[in-house]
Amino acid sequence: MGLLAAAGLAFGPIGTGGATWTAVPKVSEGAVHLEEWDFVAHGPVVLRGQWEFYPSVFLDPTEARTLDKAQRNFINAPALWNTFGTQNGAMGAYGYGTYRLVAHIKDTSLKYGLKIPDFATSYKAFVNGQEIASNGFPGTSRAQTRPEWRPLAATFRTGSPEMEILVHVANFSHIKGGMWEPISIGTAEGILRQRDLAVALSVFVFGSLFVMGLHHLAIFAMQRDDLPSLFLGLFCAVISLRALITGEVFLATLIPNLDFELLAKLEYGSGCLAMAAFLAFMVALFPRDFPRPLLIFVYVSTLCAVLVIGATHLKDYALLLRPFQIILAAVFIYGFIVVVKRAY
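In this report, we go over the structure that sits alongside the text. (Residues numbered from 1 in each chain as written. Predicted model: local features only at pLDDT ≥ 70, side-chain atom pairs only at ≥ 80, totals over all residues. Heavy atoms only, no water.)

**Notes on the side chain of histidine 168**
- Of note, histidine 168 is situated in strand β12 (residues 162-171).
- Classification of histidine 168 as buried rests on a relative accessible area of 8%.
- Within the local environment of histidine 168, its side chain forms a polar contact with the backbone oxygen of leucine 59, the two atoms lying 2.7 Å apart.
- Setting aside anything within four residues of it in sequence, one finds histidine 168 in contact with Phe58, Leu59, Pro61, Gly97, Thr98, Ser122, Tyr123, Lys124, Phe126 and Pro138. (Helix = DSSP H or I, 4+ residues; strand = E, 2+ residues; numbered from the N terminus. Buried < 20%, exposed > 50% of the residue type's maximum accessible area, 1.4 Å probe, protein only. Polar contact = N/O pair within 3.5 Å; in protein donor to acceptor, adjacent residues only side chain to side chain. Contact = heavy atoms within 4.5 Å.)

If you want it as structure tokens, here you go:
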């Protein structure tokens, strides 16, 4: 169970720090009221709710405040924009648009910050008309857009009690589009602390699992008949890699010019290999409990998926995500049942 917990930690989302979840302000109709929120005492606020959304438009950050209210559309964020209704039907995955909200604050003397995760799959973020962060380059076509996944923390000052947050988002690379993770707002100190804790957790998970992997691989090197140690070592090594390429994507900090497609291939490919390594570990422990057709199906599926991931682009192999998640869940559930049956 410790192994499963470690894997879940590597795959799971990072928490939001010290915010008190009762009575946390929410975004409603493109606005959030934070005048009564004590950022120092309660920490950052996650900006969930109804953002203004303008599909197929990049609003001018210096002129967005002059928009007629009748032109406003609202979208729940974080969420995909795939099903957002436009004049031409559902927006779909590919396209571009502008998210906007106005945060009402009380203390304009504080230095504020935003913790901005990766979106699908490029963006520019503005506060009161000034660009504060970006991932890649959001354009109006595939040729003009450069995707990137790199969570950021941006700090800034504002002399106004009304803080306009504007985000240009474009996606022509993934089958999911839009602001799929939430932005958090807080004091600069609180946001940087939240970022540092999330990065520290990612590095801790990586280091712990990497050392565990090396330990078990060293055992196999000395005892070549110990196949469980081999596959457990490989599983830990693959999951440790995922700790660097998901969540805070610390690998992108270590390698600033890391190619987006390569990062995506590592993320998807490592998920496939982790499943195969886990199954091989379980089979090495309980060889009589796993039917041969199941093993052939999973290993062949993994090989085919890795080949497709290596040979195609993200917009193509991302279609494998849902069926592979089903296979992954089935393998882990079956493995859990085997362990329980052996225990009793």
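Right, picking up where we left off after that structure.
**Re the environment of tyrosine 334**
- Along the polypeptide, tyrosine 334 turns up in helix α9 (residues 321-343).
- When the C-alpha atoms of tyrosine 334 and tryptophan 51 are compared, they prove to be 42 Å apart, with 283 residues separating the residues in sequence.
- Other than its neighbours up to four places away in sequence, tyrosine 334 contacts Asp289, Phe290, Pro291 and Leu294.

**Notes on the packing of aromatic side chains**
- Across all of its chains, the model carries 14 aromatic pairs by this definition.
- Taking 6.3 Å as the distance between ring centres and 85° as the angle between the ring planes, the aromatic pair formed by tryptophan 51 and tyrosine 99 counts as edge-to-face. On the criterion of sequence distance, the pair formed by tryptophan 51 in strand β3 (residues 49-55) and tyrosine 99 in strand β7 (residues 95-104) is long-range, its members being 48 residues apart. The pair tryptophan 51 / tyrosine 99 is uniform in exposure class, with both members buried.
- Aromatic side chains phenylalanine 58 and tyrosine 96 sit 5.0 Å apart centroid to centroid with 55° between the ring planes, which places their arrangement in the tilted category. Note that phenylalanine 58 is positioned in the loop between β3 and β4 (74-77) and tyrosine 96 in strand β7, a separation of 38 residues in sequence.
- When its relative accessible area of 24% is taken as the criterion, phenylalanine 58 is described as partly exposed.
- Following the ring pairs from residue to residue traces out a cluster consisting of Trp51, Phe53, Trp81, Phe84 and Tyr99. (Phe/Tyr/Trp six-rings, centres within 6.5 Å; stacked < 30°, edge-to-face > 60°.)

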